[in-house]
Amino acid sequence: MSIRIENLTIHESARLLEGKKISSVELCKAYLERAKNLEPKVKAFLKLNEEEILSQAQASDRRRAESKKLSPYDGIPVAVKDNITVKGQTCTCASKILQKVVSPYDATVIRKLKGKGFVLFGRTNMDEFAMGSSCENSAYQKTANPWNVGCVPGGSSGGSAASVAAGEVTAALGSDTGGSIRQPASLCGVVGFKPTYGRISRYGLIAFASSLDQIGPITRDVEDAAILTDVMYGRDSKDATSLPDTNEKFSEGLDSLKDLKGIKIGLPKECFEIEGLDTGVRKSMEKSIEVFKSLGAEMVQVSLPHSKYAVATYYVIATAEASANLARFDGIRYGNRVKADSLLETYLETRGAGFGDEVKRRIILGTFVLSSGYYDAYYTKGQKVRTLIRRDFQEAYKKCDVILTPVSPTTAFKFGEKSDPLQMYLADIFTISTNLAGNCGISVPADIHANGLPVGLQLVGPDMGEKQLLRISHIFEKNRAIKEFIPGI
Ligand code: GLN
């Protein structure tokens, strides 16, 4: 088998499997072998069970041999972020408090992936309870960026992004509350897609901030992101916030735009004015804008005047929701119990020992903004500003089809570089407002920085605007100067 697995996509794997050029067992063994060599350095996976993976691959090969394949993707491996439940497996959210909890059910996305025959390939590292932008908040290990192992992979879905970038698996699932799919994808040179809030069921995703959380794919290219979205999206009676089915197939007609004539790309002036935007990242955006222009797109200036409040608003709303969502991890209902003399002490000891510093910081902040004396001053105000942010986007879409921004103000940073939480929070300055607005957004590798690290470009589209967003991303991907983003690990 002389296939370069480090560059293999879902759509190419489907063709190889169909043409019997490779079997699922061969494919999974090749990834396991690569992971064996690279994991000591990358540490993307919290769990990688060879036996479990190969038994799923064998079952897939049997189905194909009996002409009973479940879909063209039967036998293709996908890694899963450790906050999405798979029946019979631990789901730790990279937290000590959930170290031993075994999921009694499959998340809806997992049920759907299994239904199409995908092989579930290990569980990926993350910031504890998805709180962070570097994976340094995991209670278990620090994942490294495959482009430079002295740098972080981004977060919170850093394990998923690093595993795909390192070629240890074909694709992975992440979750995005304020940028956790798009930011690590950008820092690792892969595609990360956050669909519109509610497109994909959150049933089985351990909640961080329920009004912002969204599951999405991290992949090698836009077509793969579309394929996984096709498999996962749709109304789910188990998630009251899930949107109705629209019977779209995002992976079909991706090539239908031959150029971008008639397409308007919005450039929010505030985004390009912010302090802390790295000059190399700015240059990469300028180069990308030239690609869009050469394809015939019209660049229009738009304004998102309230975006300067996005990070502050997010840290009110997300922490408020997190403090309520994480109340269930008390050692009685869920989580490792630390035995103590009284009920109150049991709660205190359990939560004191089980949660890491960042999670505690957020619970305290969230409890504060929800407390009776401060509720109106912070939480109610935050919700009002959120509405203004959403309206800014709606106004902008009157002038453009999609909005272009950087994903992250810098490329991947060094471990320990952002030890001040406020500095870390600013890593999501470009991604957070998409979640507050509920819109869809994608991170597509755009360029390589002079420092050798990848730079991602973000495109944001209106609610339910995935089809157009993916098509525009796809044509950009085909026409950007750098064709392949493969780290030299
Ligand atoms: N980095 C942001 C945070 O720490 C976003 C995280 C996310 O999207 N899950 O909250």
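In short, a report on the structure. Please read all numbers here as calculations on a predicted model, not as lab measurements.

**As for the pattern of salt bridges**
Reasoning step 1: Going through the model one piece at a time under the given rule, you end up with 22 salt bridges.
Reasoning step 2: Between K269 and E270 there is a salt bridge; the shortest N-O distance is 3.9 Å.
Reasoning step 3: Given a relative accessible area of 18%, E270 falls into the buried group.
Reasoning step 4: Members of the salt-bridge network, linked through shared partners, are E18, R64 and K69.

**As for the pairing of strand 11 (residues 454–461)**
Every regular strand shows the same layout, with side chains that alternate between the two sheet faces.
Reasoning step 1: In terms of residue burial, strand 11 counts as a mostly covered element, since eight of its eight residues are buried.
Reasoning step 2: Going residue by residue along strand 11, you find P454, G456, Q458 and V460 tucked away on one face and V455, L457, L459 and G461 tucked away on the opposite face as well.
Reasoning step 3: Looking at chain direction, strand 9 (residues 402–406) and strand 11 are connected through four bridges and run antiparallel. Residue pairing in the sheet places T405 in a bridge with Q458 of strand 11.
Reasoning step 4: Pairing analysis gives eight bridges linking strand 10 (residues 440–448) to strand 11, with the strands arranged antiparallel. Considered in strand 11, the bridge of S443 is made with Q458.

**Observations concerning a nonpolar patch on the surface**
Reasoning step 1: On the surface, a cluster of nonpolar side chains totalling about 340 Å² of accessible area is made up of L365, F368, Y374 and Y378.
Reasoning step 2: Checked against the element boundaries, L365 lands in helix 12 (residues 357–370).
Reasoning step 3: L365 sits in the partly exposed class, given a relative accessible area of 34%.

**Some thoughts on the environment of M232**
Reasoning step 1: Relative to the helices and strands, M232 resides in helix 7 (residues 222–232).
Reasoning step 2: According to the relative accessible area criterion, M232 is buried, its value standing at 0%.
Reasoning step 3: For M232, the contacting residues outside a window of four places in its chain are V109, K112, L173, I200, I215, G216 and P217.

**Comments concerning the site of the ligand**
Reasoning step 1: Near the ligand you find 15 residues, and of these G178, S180, Y314, R362 and D428 are the closest.
Reasoning step 2: In the environment of the ligand, an oxygen atom lies 2.8 Å from a nitrogen or oxygen atom belonging to the backbone of G132.
Reasoning step 3: Relative to its unbound accessible surface of 290 Å², the ligand loses 100% to contact with the protein.
Reasoning step 4: Residue composition of the shell around the ligand, grouped by class: five nonpolar, seven polar and three charged.

**Observations concerning the packing of aromatic side chains**
Reasoning step 1: Within the structure shown, the criterion is met by 16 aromatic pairs.
Reasoning step 2: With 5.9 Å between their ring centres and 70° between their planes, F129 and F355 make a pair best called edge-to-face. With F129 in the loop between strand 3 (119–124) and helix 5 (158–165) and F355 in the loop between helix 11 (343–354) and helix 12, the pair connects residues that are 226 residues apart, well separated along the chain. Neither residue differs from the other here; F129 and F355 are each classed as buried.
Reasoning step 3: Consider the rings of F292 and F476, whose centres lie 5.0 Å apart with planes at 5°: the pair is stacked. Of this pair, F292 sits in helix 9 (residues 279–294) while F476 sits in helix 16 (residues 466–479), placing them 184 residues apart in sequence. Here F292 matches F476 in class, with each residue buried.
Reasoning step 4: Connected via pairs of aromatic rings, a cluster forms that spans F129, F329, Y334 and F355.
Reasoning step 5: The aromatic ring of F413 is capped on one face by K418, whose charged end is 4.7 Å from the ring centroid.

Rules used in this analysis
The written sequence of each chain sets the order in which its residues are numbered from 1. The model is predicted, so local features are restricted to residues of pLDDT at least 70 and side-chain atom pairs to those at 80 or more, both for listing and for counting; the totals for chains, interfaces and linings are taken over all residues. With hydrogens and water set aside, each side-chain value is computed from the structure's full complement of heavy atoms. Whenever Lys or Arg places a side-chain nitrogen within 4 Å of a carboxyl oxygen from Asp or Glu, that contact is recorded as a salt bridge. With a 1.4 Å probe rolled over the protein chains alone, any residue whose accessible area is under 20% of its type maximum counts as buried; one over 50% counts as exposed, and the rest are partly exposed. Helix and strand labels come from DSSP, where a helix needs a run of H or I of at least four residues and a strand needs a run of E of at least two; each type is numbered from the N terminus. Strands were regarded as paired on the criterion that DSSP finds at least two bridges between them. For patch detection, residues must exceed 30% relative accessible area and be free of salt bridges, and they are connected within 9 Å for like charges or within 5 Å for nonpolar side chains (Val, Leu, Ile, Met, Phe, Trp, Tyr). The accessible surface values rely on the Shrake-Rupley method and a 1.4 Å probe; as for residues, cover is taken only from the protein chains in view. Two residues form a contact once any of their heavy atoms are found within 4.5 Å. In this text, near means that some heavy atom of the residue lies within 4 Å of the molecule or strand in question. Here a polar contact is taken to be a pair of N or O atoms separated by no more than 3.5 Å, where protein atoms must pair a possible hydrogen donor with a possible acceptor and residues adjacent in sequence count only if both atoms sit in side chains. Charged residues are taken to be Asp, Glu, Lys and Arg, nonpolar residues to be Ala, Val, Leu, Ile, Met, Phe, Trp, Tyr, Cys and Pro, and polar residues to be all remaining types, Gly included. Pairing of aromatic rings covers Phe, Tyr and the six-membered ring of Trp, with a centre-to-centre limit of 6.5 Å; geometry is then stacked below 30 degrees between planes, edge-to-face above 60, and tilted otherwise. Should the NZ of a Lys or the CZ of an Arg lie within 6 Å of a ring centre and within 35 degrees of the ring normal, that charge is described as sitting over the ring.

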